[in-house]
Amino acid sequence: MAEQKRDYYEVLGVDKGASDADIKRAYRKLAKENHPDLHPGDAACEARFKEANEAYEVLSNPDKKAKYDQFGFAGVDPNYGGGGGFGGGFGGGFGGDFDFGDLGDIFGSFFGGGFGGGQTRRNGPTRGETIRTSISISFEEAAFGCEKDVIITRTENCSECSGTGCAKGTTAETCPDCHGSGTVQVRRQTPMGVFATTQTCSKCGGRGKIIKQPCSKCHGSGTERRQRTIKASIPAGIDNGQTISLRGQGNAGKNGGPAGDLHITVTVRPHEIFRREGTSVLCEAPITFVQAALGAEMEIPTIDGKVKYEIPEGTQSGTVFRLRGKGIPNLNGKGRGDQFVTVFVETPRNLNHEQREALKKFGETLGEGNYGERKGFFKKFKK
């Protein structure tokens, strides 16, 4: 049986005629509500997040959206349905080379393109490709956010011809074979009769136009490679390995289509003192035997700077103290995590004779009542 999937419009909660802005707005709302970083360990939220991503990937892409509107899941996932039903029935009669594209051409020749709308024209607007890159930032920059200059090389419209591909003072001519459609009809004789199919025009390569005097700079491609420095705003609270997307900063589109996106994956450099778990900051701090025994006011490092903290009398090695609101800001901009400081008692070394004697005398004054953990341990040992 085919995998049961929810309709992509239903997933995002929008109508089929929704605009690109409505689709984007609905996706962002769902992604924010169900992001795995905000719901660690919640399998249901993770599943909804993945489902929304899959739906947005299709509905935000004009070509994929058109195919989905025509053929449903089969139009965007060739494995959907796995050889049963409609495709399997025709496959038995016509052989394995027959597909939905052939059906669209054949029925289109009889009914004027009513079956699925025919092929996507190659000379129509096409969205540009996505560019992927990465940057490295410090622990503090990840915590509080920052702006970074990102150097990329991308495809842009040619500065000489403004993307037309034609030399100055000239224009492209309409292809005489396909008359600007980019496709031509070819009739084939088959055992069932004559079928008309639509194919890409070989004369113009599906572009619908022929450039007789190409631009000297781009040689008719209409694009050129350029290095750009893009200012990227890194949000406060971003974690190692997460990716931000800058819309419209990717490669240029074709035939008037929009530019692609720029995806930036963030690498956070390790800190000498701090570690991170979610929105919590963890660190360890050494204290002396005297500070642990008598208590003391200490300066504790945080990502905001040093703060004073009162260590209580009798603090044991391994005790964890909590500094509220000194952790990582939430990625959604609301509140901050906490900092957890684990203290350990550092045993003094290289004692001189006078220090040794003083420590021995001090030890002789102590009894089992001064050591709660020690007393309990040996009590269990005897049992």
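Higher on the page you've got the structure.
Residues numbered from 1 in each chain as written. Predicted model: local features only at pLDDT ≥ 70, side-chain atom pairs only at ≥ 80, totals over all residues. Heavy atoms only, no water.

*Asks:* Talk me through the overall build of the protein; I want residue IDs and the actual numbers.
*Replies:* Each helix and strand in the protein was counted, giving eleven helices and 15 strands. Within the protein, buried positions represent 28% of all 383 residues. Looking at the protein alone, contacts between residues at least 24 apart form 62% of all its contacts between residues at least 6 apart. Working note: accessible area of the protein is about 24300 Å², and carbon and sulfur atoms make up 50% of it. (Helix = DSSP H or I, 4+ residues; strand = E, 2+ residues; numbered from the N terminus. Buried < 20%, exposed > 50% of the residue type's maximum accessible area, 1.4 Å probe, protein only. Contact = heavy atoms within 4.5 Å. Areas by Shrake-Rupley, 256 points an atom, 1.4 Å probe, with all protein chains shown as cover.)

*Asks:* How would you summarise the layout of surface pockets if you had to cite specific residues and measurements?
*Replies:* Within this model, the largest pocket holds a volume of roughly 1700 Å³. In terms of lining, the largest pocket is formed by 45 residues, of which the most central are Y27, N53, T243, I244 and S245. Those elements giving two or more residues to the lining of the largest pocket turn out to be α2 (20-34), α3 (43-59), α4 (62-71) and β8 (243-246). No other element matches the five residues that α2 contributes to the lining of the largest pocket. A class-by-class count of the residues in the lining of the largest pocket yields 14 nonpolar, 17 polar and 14 charged. (1 Å grid on protein atoms, 1.4 Å probe; cavity = no way out; pocket = protein on both sides within 12 Å on 5 of 7 lines; lining within 4 Å. Points joined across faces, edges and corners; volume = space filled by probe spheres on them. Nonpolar A, V, L, I, M, F, W, Y, C, P; charged D, E, K, R; others polar.)

*Asks:* So what's going on with the sheet that holds strand β14 (residues 320-323)? Residues and values would help.
*Replies:* Overall, mixed pairing links the four strands, which are arranged β10-β11-β15-β14 in an open sheet. This sheet does not close on itself; its edge strands, each paired only once, are β10 (275-277) and β14. Adjacent strand axes in the sheet meet at a mean angle of 30° when their direction is disregarded. Note: β14 against strand β15 (residues 339-345), four bridges, orientation antiparallel. When the bridges of β15 are listed, V320 appears paired with T342. (Pairing = 2+ DSSP bridges. Axes fitted to C-alpha atoms, helices over the stretch in contact; angles between N-to-C directions.)

*Asks:* How would you sum up the environment of K64? Please name residues and give values.
*Replies:* With respect to the helices and strands, the residue K64 is situated in helix α4. C-alpha separation for the pair K64 and G75, spaced eleven residues apart in sequence, amounts to 7.7 Å. Residue contacts for K64: discarding those within four places in its chain leaves E57, V58 and V76. At 3.4 Å, the side chain of K64 forms a polar contact with the side chain of E57. (Polar contact = N/O pair within 3.5 Å; in protein donor to acceptor, adjacent residues only side chain to side chain.)

*Asks:* If you had to explain empty space enclosed by the protein to someone new, which residues and values would you point to?
*Replies:* This structure, assessed with the given rule, holds one cavity of 30 Å³ or more. Its boundaries defined by the atoms lining it, the largest cavity holds a volume of some 40 Å³. Forming the walls of the largest cavity are I300, Y309, I311, F321, L323, V341 and V343. Contributing elements (two or more residues each) for the lining of the largest cavity: β13 (305-311), β14 and β15. A class-by-class count of the residues in the lining of the largest cavity yields seven nonpolar, no polar and no charged.

*Asks:* Report on the sheet that holds strand β9 (residues 262-268), specifying residues and quantitative values.
*Replies:* The strand order β1-β9-β8 describes an open sheet built from three strands, whose pairing is mixed. The open sheet has two free edges, formed respectively by β1 (131-137) and β8, since each of these has just one partner strand. Put simply, the sheet's adjacent strands are angled 25° from each other on average, direction ignored. Bridge analysis of β1 against β9 gives seven bridges, and the strand direction is parallel. The partner of I131 across the bridge, within β9, is L262.

*Asks:* Please set out a nonpolar patch on the surface residue by residue, giving values where relevant.
*Replies:* A surface patch of nonpolar side chains, amounting to about 480 Å² of accessible area, comprises F289, V290, L294, L359 and F362. Looking at the nonpolar patch, the elements with two or more residues in it are α9 (289-294) and α10 (353-364). No other element matches α9, which puts three residues into the nonpolar patch. Checked against the element boundaries, L359 lands in helix α10. (Patch = residues over 30% accessible without salt bridge, like charges linked within 9 Å, V, L, I, M, F, W, Y side chains within 5 Å. Salt bridge = Lys/Arg side-chain N within 4 Å of Asp/Glu carboxyl O.)

*Asks:* Would you mind going over the pattern of salt bridges in detail, with residue names and values included?
*Replies:* This structure, assessed with the given rule, holds 26 salt bridges. R154 is paired through a salt bridge with E156; the nearest N and O atoms lie 2.7 Å apart. Judged on exposure class, the residue R154 and its partner E156 are both buried. R247 is the salt-bridge partner of D261, the closest N and O atoms lying 3.1 Å from each other. Residue D261 is located in the loop between β8 and β9, and its partner R247 is located in the loop between β8 and β9; the two are separated by 14 residues in the primary sequence. A relative accessible area of 33% places R247 in the partly exposed class. Beyond isolated ion pairs, a larger network of salt bridges with shared partners links R154, E156, K217, E224, R226 and R228.

*Asks:* Can you tell me about the nonpolar core, naming the residues and giving the values?
*Replies:* Judged by nonpolar contacts, the single largest core of 18 residues is most densely connected at Y8, L12, V14, I23, Y27, L59 and Y68. Of all elements in the fold, only α1 (8-12), α2 and α3 reach the threshold of two or more residues within this core. For this core, the element with the most residues is α3, which contributes six residues. (Core = buried A, V, L, I, M, F, W, Y, C linked by side-chain atoms within 4.5 Å.)

*Asks:* How would you explain α2 if you had to name every residue and give the values?
*Replies:* The end-to-end C-alpha separation of α2 is 21 Å, in line with the 21 Å expected for 15 residues at 1.5 Å each. Those residues of α2 not exposed but buried are I23, A26, Y27, A31 and N34. Summarising the axial view, the buried residues of α2 lie within an arc of 130°, below the 170-degree limit, and thus occupy one face. Looking at α2, the residues exposed on the side facing more than 90 degrees away from the buried face are R25, R28, K29 and K32. (Expected span 1.5 Å × (residues − 1). Arc of directions from axis to C-beta.)

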